[in-house]
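Analysis of the macromolecular model
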Amino acid sequence: MQLENIFDDNYFMKKALQEAEMAFEKGEVPVGAVIVIDNRVIARGHNLTETLNDVTAHAEMQAITAAANFLGGKYLKRCTLYVTLEPCQMCAGALYWSQISNIVYGARDEERGCIKLNTKLHPKTVMKGGVLAEEASQLLKRFFIQKRNLN
């Protein structure tokens with residue numbers, strides 16, 4: 001039995017933005033992600049590349065691992081990823097292999113995003129962008145302005 005969709009994309013993107021704020025507070029590039037199945041958040045993640053000294057510790061990677069652990073398997077079919085920034089090529093590749101059903105992102109990454117780099121997603125994955133894009137973009141801009149002013 002499938003639950004009625006009582007939440008909208010904005011609701012879950014706000015959860016991802018909360019994760020991005022946590023990254024910001026840690027001095028990480030403020031990108032956050034949540035993974036949802038049947039209107040339930042099953043995984044959360046935010047950038048931890050500086051904290052873990054690991055270039056692969058992107059928000060999406062943290063969330064993918066947490067979701068796979070929660071579900072007890074590597075495939076994220078019927079799941080939706082909400083992420084504040086368009087996935088990079090690395091994250092898009094991991095999302096491909098996870099066979100995630102949906103990706104909803106906030107702000108575009110015009111330089112390093114998977115769209116510009118023509119990174120393929122799984123054929124059954126549907127991607128939608130621009131959800132709370134202004135909020136996500138402003139958080140990123142605020143982070144980089146602050147970072148420049150400290151250096």
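Along each chain, numbering runs from 1 in the same order as the chain's sequence is written. Only residues with pLDDT of 70 or above have their local features reported here, since the model is predicted, and side-chain atom pairs are shown and tallied only from 80 upward, although totals for entire chains, interfaces and linings are computed over all residues. Note that water and hydrogens are dropped before the side-chain values are worked out from all heavy atoms of the structure.

Per an unreviewed UniProt entry, the protein is named tRNA-specific adenosine deaminase, and its organism is Kordia algicida OT-1. UniProt positions are given in the numbering used here, feature names are shortened, and annotations may be inferred rather than shown by experiment. The annotation that UniProt attaches to the protein under Sequence similarities (unreviewed entry) is "Belongs to the cytidine and deoxycytidylate deaminase family. ADAT2 subfamily." Listed under Catalytic activity (unreviewed entry) in UniProt, the entry text for the protein is "adenosine(34) in tRNA + H2O + H(+) = inosine(34) in tRNA + NH4(+)".

**Observations concerning the UniProt feature "domain: CMP/dCMP-type deaminase" (unreviewed entry) in the protein**
With numbering matched to this structure, UniProt assigns "domain: CMP/dCMP-type deaminase" (unreviewed entry) to residues 7–116. In DSSP terms, a helix is any run of H or I states spanning at least four residues, a strand is any run of E spanning at least two, and both are numbered starting from the N terminus. End-to-end, the C-alpha atoms of residues 7–116 are 30 Å apart, and along that stretch the chain is 40% helix and 23% strand.

**Let's talk about the state of the cysteines**
Count a disulfide wherever a pair of cysteine sulfur atoms falls within 2.5 Å. Applying the stated criterion to the full structure yields zero disulfides. Free cysteine Cys91: the closest other cysteine sulfur is in Cys88, separated by 3.7 Å. Remark: exposure states derive from per-residue accessible area (1.4 Å probe, protein chains only) relative to the maximum for the residue type, with buried under 20%, exposed over 50%, and partly exposed in between. On the basis of relative accessible area, Cys91 is assigned to the buried category, the value being 0%. As a non-bridged cysteine, Cys114 has Cys88 as the owner of its nearest cysteine sulfur, 8.2 Å distant.

**Examining the nonpolar core**
Core analysis: the largest hydrophobic core is formed by 35 residues, its most contacted members being Ile35, Leu81, Tyr82 and Ile100. At the level of elements, helix H1 (9–25), strand E1 (32–37), strand E2 (40–46), helix H3 (59–71), strand E3 (80–85), helix H4 (89–98), strand E4 (102–107) and helix H5 (133–150) are the ones that each hand at least two residues to this core. Ranked by the residues each element gives to this core, the list is headed by E1, at five residues. Sequence-distant contacts of Ile35, that is, excluding residues within four places in its chain, are made with Arg40, Val41, Ile42, Ala43, Ala63, Ile64, Ala67, Leu76, Cys79, Thr80, Leu81 and Ile100. Remark: nonpolar core denotes a set of buried residues (Ala, Val, Leu, Ile, Met, Phe, Trp, Tyr, Cys) joined through side-chain atoms within 4.5 Å. It only takes one pair of heavy atoms within 4.5 Å for two residues to be counted as in contact.

**Here we look at the environment of Leu121**
Along the chain, Leu121 turns up in the loop between E4 and strand E5 (126–128). A relative accessible area of 19% places Leu121 in the buried class. Not counting residues up to four positions away in its chain, the partners in contact with Leu121 are Ala92, Tyr96, Ile103 and Met127.

**Looking at the side chain of His46**
Position of His46 relative to the elements: it lies in strand E2. Note on His46: relative accessible area 9%, which makes it buried. Distance and chemistry together define a polar contact, namely a pair of N or O atoms within 3.5 Å, with one atom able to donate a hydrogen and the other to accept it when in protein, and with adjacent residues in sequence counting only for side-chain atoms on both sides. A polar contact of 2.8 Å, which involves the side chain of His46, links it to the side chain of Glu19. A polar contact of 2.9 Å, which involves the side chain of His46, links it to the side chain of Lys26.

**Some words on the UniProt feature "binding site: Zn(2+)" (unreviewed entry) in the protein**
In the numbering used here, UniProt assigns the "binding site: Zn(2+)" (unreviewed entry) feature to His58, Cys88 and Cys91. Spanning 34 residues, the named residues nonetheless gather at one spot, since no C-alpha pair among them exceeds 9.3 Å. Relative to the elements of secondary structure, His58 occurs in the loop between helix H2 (49–52) and H3. Dropping the residues within four chain positions of it, His58 is found in contact with Asn47, Thr49, Cys88, Met90 and Cys91. One polar contact links the side chain of His58 to the main-chain carbonyl oxygen of Val55, over a distance of 3.3 Å.

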